[in-house]
Structure formats: structure tokens, C-alpha cells
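Coordinates in review
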Amino acid sequence: MKTILFNIKNLSGILDVNIEKLSGAAMAQMHRINDAWLWIEDGRIHSFGKMQDLDMQIIEHFDLQMNVEGQCIMPAYNDSHTHLVYAASRESEFVDRIKGLPYEEIAKKGGGILNSAKRLQETSEEELFELALERLQNAELLGTTNIEIKSGYGLTTETELKMLRVIRRLKASSRQTIKATFLAAHAYPMEYKQNHQGYIDLIINEMLPRVADEGLADYIDAFCEDGFFSAAETEQILEAGEKYGLKAKIHANQLHYSGGIQMGVKHKAVSVDHLECVGDDELNSLLNSNTIGTLLPTAAFFINLPYQPARKMIDAGLAIALASDCNPGTSPSYNMSFVCSLACTQLKMTPEEAFNACTINGAYAMELQNETGSITVGKYADLILTKKIPSLAYIPYSFTENCIDQVFIKGM
Ligand code: NIG
Ligand code: FE
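The structure contained in this document is the topic of the report that follows. (Residues numbered from 1 in each chain as written. Chains lettered and ligands numbered in written order. Predicted model: local features only at pLDDT ≥ 70, side-chain atom pairs only at ≥ 80, totals over all residues. Heavy atoms only, no water.)

On to the pairing of strand E9 (residues 219–224). For E9, the tally of buried residues reaches six of six residues, placing the bulk of the element in the interior. Here E9 shows a buried face lined by Tyr219, Asp221 and Phe223 and a second buried face lined by Ile220, Ala222 and Cys224. Examined bridge by bridge, strand E8 (residues 177–185) and E9 share three bridges and lie parallel to one another. Counterpart to Ala185 in the pairing with E9 is Ala222. Each parallel crossover has a hand, and for E8 linked through helix H6 (residues 196–213) to E9 it is right-handed. Across four bridges, E9 lies against strand E10 (residues 247–252) in parallel orientation. (Buried < 20%, exposed > 50% of the residue type's maximum accessible area, 1.4 Å probe, protein only. Helix = DSSP H or I, 4+ residues; strand = E, 2+ residues; numbered from the N terminus. Pairing = 2+ DSSP bridges. Right-handed = clockwise from strand over helix to strand, strands pointing away.)

Shown next, in the form of C-alpha cells:
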């Protein structure tokens, strides 16, 4: 299948083939060609250039020719942190928080993650699959072509496996590339509140071997946080995962200086995520590593936390990714354009920095950077075709408007 898009207002996010992620000052650049054409062949980017250099006679040789005058093209979003498989929304906790009950208090009373786990245990695999598939399809319409999805609302062996099997079915049913993360270390079930080691042993000795045996996970995660999994407890989980070849992608430093960032770096995590609490030690630890920091501004927005110090991190030379954290408790949204809006208005990132964080750096946070995330010859044509908009900065600016006309996954 050969497709050509021509009269593209601007083609943005062009990168050389050897660039795996963008760090520091380089995040502010989004290379582009104004008045461009783009040739897609067999799902991949074949070539691109300026309209003035295109021989219009070749156009008739394409299976599909699209005149997209006034429209822009950029790489599609890579959402590298979600909890997309869940049984039910939690708007009653939302109302409790409005009335003044903090997130951590709700969790202590058996709400929060444990509430989601209870609902998930009562829901069939089929129903969970249908619910998650609908979210996935809606996320695609909003520009997300590759996504990571976590377990972690099961918290028993059978229900964690149920979640991961749902993710496996989503992988088989969707054209999006999906990465699965095993997150049994998301919260201690009530019966293990006084017996942390008992639950950790269950994860390590019973759940992990079965997850690995069925090949259900690409990564391992733990919610490294005071009141959840301490850095030492997280380390046990990460070491066990390593034995099965599972790299880490962990929740760290959302609510406290938990030591999670340093622990993730020590274990060569692909990413450490949330990062509301970042001091000099955390910054230096990331600077000396290949671990990418992933910021989740919609979670901070929704539960009223101070925002992540993106400026400090980028100005220090770090690469950062942005993701939606879609989940029923702290971020009931998978709208990556809104993530970009918050990154701009609250984290003081420029639109270019936000887009790079959601595209090439999001791909890096799922180890997909050699296949997608930029306009690069040979990569998958995972693209957003915008409506007729004045510029790409209009996307985060017009924060409730859907500026996306069409999304291409692997060229279609
Ligand atoms: O990423 N921080 C931990 N886990 C989720 C929220 C879980 C929940 O409240 O359901 C998060 O924010
Ligand atoms: Fe999360």
C-alpha cells in the first residue's frame, strides 16, 4: 500500500534515525518542513520533502493520494503509563475529595486502589476486555497509537492474571502497539496490611512465575511510596522481576521523597514515573542514568498535588516523557492533548517540549524509539493529521477542542 499526503501545512517532529530521545535544550526543538509531502509505504515512512521539489506526475502511482492543504502532521502520541483496564469509575471518591478528604485518607479507609480491586474481582474477563477496548479505541481517536497498560487492580494471583490476560487480548485485537506491565505491588490488600512480607512473597513466589510462564508482561512496576511500598520492599520486587527478564517501570515520588527514583535508577529502570518530589539527589541520580523520568500532570491536576518540576529537570539537561496515567482514581482521562495543555500551563513547558515528551520520549519510555515517535525514514507511520489549525501550539492552547482530523497507525 502506497499513500502520499501532499500540501501539508507543516510536517513536524522530524528526527535523524539515530536519535533515541531528546534531552535538555534539545527538547525545545521540533524540526519541521512547511508546505511538505509525505510518502508512506507498507506502513512505514518512505520519504518526505518540500512541495516545490515534488514531481506531481508521480502522484497517480499511489494507491491513496491525500491533499491535506491547511492541515499539519506530527508523530502520534505514545502514552507510556496507563491503568486502562479497570472495572468501574470512582466519582464518589472524587466528591469525597471535594469535601476535603485527602487521597491518602481515602486509601487508608479501603477506598482508592482497594476499591478498584474489589470491583475488578467482581467483573468478568470478558466485560473488562470490552470496557478497556472501548477506552483504547477512544484513545486512538485522540491521537494515541502506542500505549503501556498496567495490572495492579487485581492484587490476588487470579485477578492479576485476569488483568494481564485482558491486556494480552487487547494486544491481539488492536493495531496499537501495547506494552504490558505487572503491577501487583500497587497496594497491600487489607489482609496483608500488617504482613507486608507475606504479600511480597506471594508476588514473588506465586504470581511472578505464572506471569512469566504465560509471557504476560513486558515490565514490572511497584508503587514506591510512603504508605505503599517502601524503597526496600520495591527493591525485592524489582530483583525478582529481573530474574525473569522483566525490566522496571516504577511509580516513584508522587506523594513523598520515597527513594523510589534512586531505587529505579539503581535497577536500570526504563522509566521512573510521577515525580512530584524531585530534589537535587533525585535529579543527579537521573542525570547519570539511561532511565527516563515520566511526568503525569493530569494526576497532579486531578488530586490537587503540586505539579512536577519539569522546568528544573529539563534545564538540568534531563529528558522527560509525559503520559496520561489514565486510571479511575487520580486521572480518569487518556487525552494526551490535555496532558500537553497542562504541561504548558502548569509545568511551564513549551508546546514543542510537550510534544517531544509525548512522542519520541514517550516511545523511549516503552523501548519503542527505534520504531516510532518521530518523522524518520523507516519508522512506522504513526501520525496525527490535524484539522486546519493555525499552528501546532494551537493544540495545547485550545484545551477543550479536539484538533485531530485523522490518526494513522502503521500508515492506515
Ligand atoms: O498512578 N499512584 C498509584 N497508582 C495510580 C492511582 C491508583 C488509583 O488511585 O487507582 C496512579 O496515580
Ligand atoms: Fe500510575
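Moving on, there is more to tell.
Among the nonpolar cores identified, the biggest contains 104 residues, and Leu170, Phe182, Leu322 and Met349 are the most heavily contacted of them. Within the second largest apolar cluster, 17 residues are counted, among which are Ile45, Ala381, Leu383 and Phe408. (Core = buried A, V, L, I, M, F, W, Y, C linked by side-chain atoms within 4.5 Å.)

Attention shifts here to the coordination of the iron ion (ligand 2). Distances from the iron ion (ligand 2) to its protein donors, His81 (NE2), His83 (NE2), His251 (NE2) and Asp325 (OD), fall within 2.1 to 2.3 Å. Of note, the iron ion (ligand 2) draws all its donor residues from one chain, in the sequence arrangement H-x1-H-x167-H-x73-D. Of this pair, His251 sits in strand E10 while Asp325 sits in the loop between strand E13 (320–322) and helix H12 (336–345), and the two are 74 residues apart along the sequence. Residue classification places His251 among the buried residues on the basis of a relative accessible area of 3%. A residue is classified by how much of its surface remains accessible, and Asp325, at 2% relative accessible area, is buried. (Donors = N, O, S within 2.8 Å, 3.2 Å for Na, K, Ca; no water.)

Another point: the site of ligand 1. Close contacts around ligand 1 come from 15 residues, with Arg90, Tyr103, Tyr153, His186 and Thr330 the closest. In this structure, an oxygen atom belonging to ligand 1 sits 2.8 Å away from a side-chain N or O atom of Asp325. Relative to its free-state accessible area of 330 Å², ligand 1 is covered by the protein chains to the extent of 100%. Across the shell around ligand 1, the residue classes break down as four nonpolar, nine polar and two charged. (Near = heavy atom within 4 Å. Polar contact = N/O pair within 3.5 Å; in protein donor to acceptor, adjacent residues only side chain to side chain. Areas by Shrake-Rupley, 256 points an atom, 1.4 Å probe, with all protein chains shown as cover. Nonpolar A, V, L, I, M, F, W, Y, C, P; charged D, E, K, R; others polar.)

This next bit is on the environment of Asp280. Within the fold, Asp280 resides in helix H9 (residues 280–287). Residue classification places Asp280 among the exposed positions, given a relative accessible area of 56%.

Quick look at the packing of aromatic side chains now. Remark: the centre distance and the inter-plane angle together describe each pair of aromatic rings, the angle taken between the planes. Counting across every chain of the model gives eight aromatic pairs. Aromatic pair Tyr394 and Tyr397: ring centres 5.5 Å apart, planes at 45 degrees, arrangement tilted. With Tyr394 and Tyr397 both in helix H15 (residues 394–397), this residue pair falls three residues apart, about one helical turn. Ring pairs connect the aromatic residues Tyr188, Tyr192, Tyr199 and Phe229, which therefore count as one cluster. In this arrangement the basic side chain of Arg169 is found over the ring face of Phe129, its NZ or CZ atom lying 4.0 Å from the centre. (Phe/Tyr/Trp six-rings, centres within 6.5 Å; stacked < 30°, edge-to-face > 60°. Lys NZ or Arg CZ within 6 Å of the ring centre and 35° of its normal.)

Read across the sheet, eight strands follow the order E6-E7-E8-E9-E10-E11-E12-E13 without closing on themselves; strand pairing throughout is parallel. Two strands lie at the open edges of the sheet, namely strand E6 (77–79) and E13, each paired on one side alone. Averaged over all neighbouring strand pairs, the angle between strand axes comes to 25 degrees, with direction disregarded. As judged from the five bridges shared by strand E7 (residues 144–150) and E8, these two strands associate in the parallel manner. Counterpart to Asn146 in the pairing with E8 is Thr177. Where helix H5 (residues 157–173) meets the sheet, it contacts E7 and E8, and its direction lies at approximately 175 degrees from that of E8. (Axes fitted to C-alpha atoms, helices over the stretch in contact; angles between N-to-C directions. Contact = heavy atoms within 4.5 Å.)

With 17 residues, helix H4 (residues 125–141) extends 25 Å between its outermost C-alpha atoms, agreeing within 8% with the 24 Å of an ideal straight helix rising 1.5 Å per residue. Backbone geometry just downstream of H4 places Gly143 in the positive-phi region, at approximately 105 degrees. (Expected span 1.5 Å × (residues − 1).)

Further remarks concern the packing of H4 against H5. Between H4 and H5, the shortest axis-to-axis distance is 9 Å and the interhelical angle comes to 50 degrees. Taken as axis vectors, H4 and H5 run oblique relative to one another. Handedness of the crossing formed by H4 with H5: right-handed. Residues Glu125, Glu126, Leu128, Phe129, Ala132, Leu133 and Leu136 of H4 form the contact with H5, whose own contacting residues are Lys162, Arg165, Val166, Arg169, Leu170 and Ser173. Residue composition of the contact of H4 with H5, grouped by class: seven nonpolar, one polar and five charged. (Parallel < 35°, antiparallel > 145°, perpendicular 65-115°, else oblique. Left-handed = near helix turned anticlockwise from the far one by under 90°.)

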